[in-house]
Amino acid sequence: MPIRTAARRRAAVTAATACALAVALTACSGTTKDSAREDTGDTGAASAEANPDAPLKKGLKLAFLPKQINNPYEKIVDEAGIKAAGEYGATGKEVGPSDASASSQVSYINTLIQQRQDAILIAANDPNAVCGPLKQAMKKNIKVVAYDSDTAKDCRQLFINQASSEQIGRSLVQHLGEQIGYKGKIAILSATQNATNQNTWIEFMKDELKQPEYKDMRLVKVAYGDDADQKSFQQTQGLMQAYPDLKGIISPTTVGIAAAARYLGDSSYKGKVVLNGLGTPNQMRKYVKNDTVEQFSLWNPEELGYLGSYAAAALASGQITGAEGEKFTAGRLGEYTIGKDGEIILGDPTVFDKKNIDKFDF
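All figures in this text were calculated on a predicted structure; none of them were measured in a lab.

A.B. asks: Mind laying out the overall build of the protein chain, listing which residues take part and the relevant values?
C.D. replies: Counting its regular elements, the protein chain contains 11 helices and 14 strands. Per-residue burial over the protein chain gives 55% buried out of 362 residues.

Written out as C-alpha cells, the structure reads:
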C-alpha cells in the first residue's frame, strides 16, 4: 500500500535507516555437466527435490557477471561474493564487459558454460538478451542466480533483490517530495533504457506521483546516462539547460547520482536543485558534506554479494531448488526464505545523511 502521509513517510524512512539479441549457444561436446538433463530439454529450475540438510559442496566454482566490469558499485558486490565463497571452500571470480549494452554479456556466459562453472551470478543489462545462453547453462546443470538487475524469470533459478522494488521506487519520490515541498518540476537520471531494476523502480516512482500530495510536482524527463560517468554528467547538464527551473533530480544508479552531484556541486544550481537517489557512502560523502546532496539511499552492496554467493552455493549443493518457501542459511546474515518467482530480498535500504554517513565505509 502506498504511504500517503508525511508522518507515515517519516516513520518509514526511520525504519529504513535502521536497515532477440540473445544468440543461440552452439553445443560444445565434452563440456556438458549432465548430458541426460540436456537431452530432455530440462532447464534444471526447481526440477529436483531440495535437501535442506545437505552440506555445502566443497570446491564449487562461482562466476560473477556484472553489468560492466568497471562499475564501482558492482565491484563491491562481486568482491564480497567472491570473498564469501572462501568461507565455504569455493572459488569465485568476476568477468564481464566494459560496456553495458544489451547483448554485451552473452559471450561471457558462453565462455563460462565452456569452463563448466557450477554457478553463474549475473546482473543483467537486459532481461531477455541473456536468456538464450542462460537457459543453455541451466540445461548443463549450471545454476543461475540474478542479482541487482533481474533476467526474465524463466532464465534463472533465483533473483537476489536489494530491497522491495516498490519500496525503493516509492521512497525515492517520497524523500524528494519532502525536500522540495511537493512543488515543482522533477527529472529522473537513470542507467540504461533496458535496465530491469531501474525500469521497475521508475514505474513505481510514476505510480507514486499519481497520489494527491504530488499534484504540484511534475516529472518532465527521464534521461539515461548508460551507467557511464561522463554521459551521466552530460545528461545532468542537458537537463538543467532544458529545464532551468528544475527543482529536483532522482538518480536510481550509483554512477548517475555521483556524476549529477559533481555537475551540480560546481554549478550555480548547487543548493537550488535537490538531488536524491541511490549511491554509496564513500562515493557521495564529499557531496553530502559540502551541501550538494542532503540525503540518498542504498542497501549494503557487500551484503548483496555475500547473500548471492551463499544462495548460489545452496542451489549448487541441492539445499534449495529455487521454489517458493524454501529456506537456507547465508552465513553471518542468517536464514532467508525464497519468495514468489524465486525472489530473495536482502532487506530494507538505509538513508544516508550528514548524521550517519561517517559510520559506513563502502
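Next, the rest of the story.
A.B. asks: Hey, could you go over the side chain of T292 for me, with residue numbers and the actual values?
C.D. replies: Structurally, the position occupied by T292 is in the loop between α10 (281–289) and β10 (296–298). Its relative accessible area of 5% is what places T292 among the buried residues. A polar contact of 2.7 Å, which involves the side chain of T292, links it to the side chain of N290.

A.B. asks: Could you give me a rundown of the packing of helix α3 (residues 72–87) against helix α11 (residues 301–316), with the residues and numbers involved?
C.D. replies: At a minimum axis distance of 7 Å, the contact between α3 and α11 shows a crossing angle of 45°. It follows from the interaxial angle that α3 and α11 lie oblique. Crossing angle aside, the handedness with which α3 passes α11 is right-handed. For the pair formed by α3 and α11, the contact residues are Y73, I76, V77, A80, G81, A84, A85 and E87 on the first element and P301, E302, L304, G305, Y306, S309 and Y310 on the second. For the contact of α3 with α11, the class distribution of residues is 10 nonpolar, three polar and two charged.

A.B. asks: Lay out the sheet that holds strand β8 (residues 248–251) in plain terms, naming residues and giving numbers.
C.D. replies: Read from one edge of the open sheet, four strands run β7-β6-β8-β9, paired in parallel fashion. In the strand order of this sheet, the two ends are held by β7 (217–224) and β9 (274–277), each with one partner. Between one strand axis and the next, the sheet turns through 20° on average, direction left out of account. Relative to β9, β8 runs parallel, the two sharing four bridges. Opposite S251, over in β9, you have G277 as the bridge partner. Contacting β6 (184–190), β7 and β8, helix α8 (residues 229–242) runs over the sheet at an angle of about 145° to β7. Contacts from helix α9 (residues 254–265) reach β6, β8 and β9 within the one sheet, and its direction differs from that of β9 by about 165°.

A.B. asks: Please set out the pattern of salt bridges residue by residue, giving values where relevant.
C.D. replies: Under the defined criterion, the tally for this structure stands at 14 salt bridges. The salt bridge partner of E208 is R170, with a shortest N-O separation of 3.0 Å. One end of the pair, E208, is in helix α7 (residues 196–208); the other, R170, is in helix α6 (residues 165–179), and 38 residues separate them in sequence. Across the pair, R170 and E208 agree in class, each one buried. Between D291 and K354 there is a salt bridge whose closest N-O contact spans 2.7 Å. Of the two residues, D291 is situated in the loop between α10 and β10 and K354 in the segment after β14 (350–352); the sequence distance between them amounts to 63 residues. A relative accessible area of 49% places D291 in the partly exposed class. Through salt bridges with shared partners, one network takes in E166, R170, D207 and E208.

A.B. asks: Before we move on, can you summarise the state of the cysteines with the specific residues and values?
C.D. replies: Counting across every chain of the model gives one disulfide. Covalently, C131 is tied to C155 through a disulfide, its sulfur atoms 1.9 Å apart. Its S-S torsion of about 100° marks the bond between C131 and C155 as right-handed, since a negative value means left-handed. You can see C131 sitting in helix α5 (residues 131–139) and its partner C155 sitting in the loop between β4 (143–147) and β5 (158–161), a full 24 residues away along the chain. Note on C131: relative accessible area 10%, which makes it buried. Among the residues examined, C155 registers a relative accessible area of 0% and is labelled buried.

A.B. asks: I'd like a description of unusual backbone geometry, backed by residues and values.
C.D. replies: Positive phi, normally seen in glycine, also occurs at D226, with a value near 60°. Among the structural elements, D226 can be located in the loop between β7 and α8. You can call D226 partly exposed: its relative accessible area is 28%. The phi angle at D227 is positive, at roughly 55°, despite the residue not being glycine. Within the secondary structure, D227 sits in the loop between β7 and α8.

A.B. asks: How would you explain α9 if you had to name every residue and give the values?
C.D. replies: With 12 residues, α9 ought to run about 16 Å at 1.5 Å a step, and its terminal C-alpha atoms sit 16 Å apart, in line with that. In terms of burial, α9 is a largely internal element, 11 of the 12 residues being buried.

A.B. asks: Before we move on, could you go through the pairing of β7 and cite the residues and values that matter?
C.D. replies: The pairing of β6 with β7 spans seven bridges and is parallel. Note on β7: the bridge partner recorded for I188 is V222. Taken together, β6, α7 and β7 constitute a β-α-β crossover, and its handedness is right-handed.

A.B. asks: Tell me about the nonpolar core, residues and numbers included.
C.D. replies: Among the nonpolar cores identified, the biggest contains 79 residues, and W299, F328 and I344 are the most heavily contacted of them. It is α11 that contributes the most residues to this core, 10 residues altogether. Beyond its immediate stretch of four places on either side in the chain, I344 contacts L158, F159, I160, N161, L307, A311, F328, Y336 and I338. A63, L65, I113 and L134 belong to the second largest nonpolar core, which has 17 residues in total.

Reading guide: rules and limits
Residues numbered from 1 in each chain as written. Predicted model: local features only at pLDDT ≥ 70, side-chain atom pairs only at ≥ 80, totals over all residues. Heavy atoms only, no water. Helix = DSSP H or I, 4+ residues; strand = E, 2+ residues; numbered from the N terminus. Buried < 20%, exposed > 50% of the residue type's maximum accessible area, 1.4 Å probe, protein only. Polar contact = N/O pair within 3.5 Å; in protein donor to acceptor, adjacent residues only side chain to side chain. Axes fitted to C-alpha atoms, helices over the stretch in contact; angles between N-to-C directions. Parallel < 35°, antiparallel > 145°, perpendicular 65-115°, else oblique. Left-handed = near helix turned anticlockwise from the far one by under 90°. Contact = heavy atoms within 4.5 Å. Nonpolar A, V, L, I, M, F, W, Y, C, P; charged D, E, K, R; others polar. Pairing = 2+ DSSP bridges. Salt bridge = Lys/Arg side-chain N within 4 Å of Asp/Glu carboxyl O. Disulfide = S-S within 2.5 Å. Expected span 1.5 Å × (residues − 1). Right-handed = clockwise from strand over helix to strand, strands pointing away. Core = buried A, V, L, I, M, F, W, Y, C linked by side-chain atoms within 4.5 Å.

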